[in-house]
Amino acid sequence: MAQKPQKPKRRSDVRHRDGAAQSPDASITAVSQGRIGNWALLGGLTLLTLLVVFLDASTGNDLRVVPLLVVVPALASVYCSLRQTIWVAVWITTVVVGFRAGADGTFWDFVFGIGFAVLACALGVAACAARIRHATEMARLRSAAVTLQRQILRPLPVVTDHVFAYGLYEPIEEDRFVGGDIYEVVESPYGTRVIIGDVQGKGLAAIGAGFAAIAAFREAAIREPTLTGVVQALEDAVVRHNEFSAQTGEAERFVTALVLGFDEGGRVEAVNCGHLAPRLLHDGRTSAVTLHRTSVPLGLAALSREARSAESFAFPRGATLLVVTDGVTEARDATGAFYPLDERVVAWAGHGPRELLDALHGDLEEFSGGIRRDDVAALALRRAPAATP
């Protein structure tokens, strides 16, 4: 028997699943920390020094190996913190100075040898400082972009007169900053309208296109009496955004989107703009909803001769409608295989919306090994119970 969804206590309860993501301060702190522990570094450096000194003693005056230690601070600058790199540089300088002090040679050999060692160690420290400064700037930019994206998107769950909407959302903070997944739930005089979509590309430009689409949806969902009218408003907003982007030198973007409309009836109206089809879970069974009128993504209507149209499908009470972005279906495991969503949801057919997303989140993390290449967004929708007089 399907579980009855638990009604959230407040509309503003946050259900973004970003608990595993680092906070801005944590992300910035992490980039300045070394990837090698202090004791491991000390042990490795000690063994390396003893080995080099032993080799130098074995080769005699024919080949001096100790001066080659000056490359160690350069290697440390890649993997160690600034403090660790400074400590390594001081260690290597001390060893080289001690070696030079006990070696044969002229005064100028001593001066040039020590000078070269000090210069090499100083360059290693400078390289480490530059690496950390650049990484910190990138971490700040990533954190700012992710924070902006989270402010644009509504916290979930959201409860309306027609549906309970639970959500799973994890923005990526790697590579080119963040992706462009969007979603929104709006209660209007014509029922509850829902959108989930994915902006082409990543970065702040993708967030800008996503914000244009969401802003248009929030207004049109309340104003437009038809779902196709809402989608046309979205199309116009993305086209206007692309025109502005072209003037400022940014690349044009398109948005795949699935727009849904819920009312008091037992069916859901849908307009699919190049997005993934939803999955319906009901009475212990799962099935992909077949949408026959899939049209081009938002922003590309001028390339198609066919006007967008709406279609409907059954959505009985007690059923859960799962809609996801391609960050779910295109997640990969260690072998490069894609995440088998349709196979996995079969085991969760009896779950409620929140439990369904819990299971999806845990399974997706285990499947991908925690490595995400794109934003992950999913909505689990359950029809609200009939109002009582």
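Residues numbered from 1 in each chain as written. Predicted model: local features only at pLDDT ≥ 70, side-chain atom pairs only at ≥ 80, totals over all residues. Heavy atoms only, no water.

### A word on the overall build of the protein
Our working rule: Helix numbering and strand numbering both begin at the N terminus, where a helix is a DSSP run of H or I of at least 4 residues and a strand a DSSP run of E of at least 2. Only protein chains enter the accessibility calculation, which uses a 1.4 Å probe. A residue is then buried if its area is under 20% of the maximum for its type, exposed if over 50%, and partly exposed in between. Any two residues whose heavy atoms approach within 4.5 Å are treated as being in contact. Here, Shrake-Rupley sampling with a 1.4 Å probe gives the accessible areas, and only protein chains in the shown set may cover a residue.
Across its full length, the protein carries 10 helices and 11 strands. Sorting the 389 residues of the protein into buried and exposed places 46% on the buried side. In the protein, the share of contacts with a sequence separation of at least 24, taken over all contacts with a separation of at least 6, comes to 73%. A total of about 19,500 Å² of accessible surface is found on the protein, and carbon and sulfur atoms cover 58% of it.

### Overview of the nonpolar core
The criterion, for reference: Buried Ala, Val, Leu, Ile, Met, Phe, Trp, Tyr and Cys residues form a nonpolar core when they are joined through side-chain atoms within 4.5 Å.
Phe217, Leu260, Phe262, Leu298, Leu321, Leu379 and Leu381 are the most contacted members of the largest nonpolar core, which totals 52 residues. If one sorts the elements of this core by residue count, helix H6 (residues 204-223) sits on top with 8 residues. When near neighbours in sequence (up to four residues on either side) are disregarded, phenylalanine 262 contacts His162, Val163, Tyr190, Gly191, Thr192, Val194, Val268, Phe315, Leu321 and Leu381. One finds Phe164, Leu281, Val324 and Leu356 within the second-largest nonpolar core, a separate group that totals 23 residues.

### Notes on the pairing of strand S2 (residues 163-170)
Under the convention used in this document: A strand pair is defined by DSSP finding two or more bridges across the two strands.
Across the 8 residues that make up S2, a large majority, 8, are buried. Neither face of S2 is open: one carries Val163, Ala165, Gly167 and Tyr169, the other Phe164, Tyr166, Leu168 and Glu170, and all of them are buried. Between the end of strand S1 (residues 158-159) and the start of S2, which pair antiparallel, lie 3 residues. Alignment of S2 against strand S11 (residues 376-383), held across 8 bridges, turns out to be antiparallel. Its bridge partner being in S11, tyrosine 166 is matched across the sheet by alanine 380.

### Comments concerning the sheet that holds strand S3 (residues 181-188)
What counts here: As a rule, the C-alpha atoms of each element are fitted with a line to give its axis, helices using only the stretch in contact, and angles between N-to-C directions run from 0 to 180 degrees.
As summarised here, the arrangement of the 5 strands in space is S3-S4-S5-S6-S9, forming an open sheet in which the pairing is antiparallel. What marks the edges here is a single partner per strand, and that holds for S3 and strand S9 (311-314). If you compare each strand with its neighbour and ignore which way they point, the axes differ by 20° on average. As defined by bridge partners, strand S4 (residues 191-199) adjoins strand S5 (residues 255-262) across 8 bridges and the pair is classed as antiparallel.

### Describing the sheet that holds S2
Within the open sheet, the 6 strands sit side by side as S1-S2-S11-S10-S7-S8. Their pairing is antiparallel. The open sheet is flanked by S1 and strand S8 (285-288), the only strands paired with a single partner. In this structure, strand S10 (residues 320-324) lies alongside S11, joined through 5 bridges in antiparallel fashion. Residue pairing in the sheet places threonine 320 in a bridge with arginine 382 of S11.

### What to know about helix H3 (residues 72-79)
To be explicit about the condition: Our arc is simply the arc of the directions from the helix axis toward the C-beta atoms.
Here H3 has its buried residues at Val72, Pro73, Ala76 and Ser77. Considered in projection along H3, the buried side chains sweep an arc of 145° and stay on one side of the axis.

### Re the confidence of the model for the protein
Basically, it comes down to this: The pLDDT score gives, residue by residue, the confidence of the prediction method on a 0 to 100 scale.
Mean pLDDT over the protein works out to 83, with 83% of the residues at or above the 70 mark. Low pLDDT (under 50) marks residues 1-22, which in the prediction has 59 contacts with non-local residues, meaning those over four places away or in another chain.

### Side note on the pattern of salt bridges
For clarity, the cut-off: Here, a salt bridge means any side-chain nitrogen of Lys or Arg that lies within 4 Å of a carboxyl oxygen of Asp or Glu.
For the structure on display, the rule yields 6 salt bridges. Two residues, glutamate 235 and arginine 308, come together in a salt bridge whose shortest N-O distance is 3.1 Å. Remark: arginine 308 occurs in the loop between S8 and S9 and glutamate 235 occurs in helix H7 (residues 227-247); sequence separation between them is 73 residues. Judged by its relative accessible area of 17%, arginine 308 is buried.

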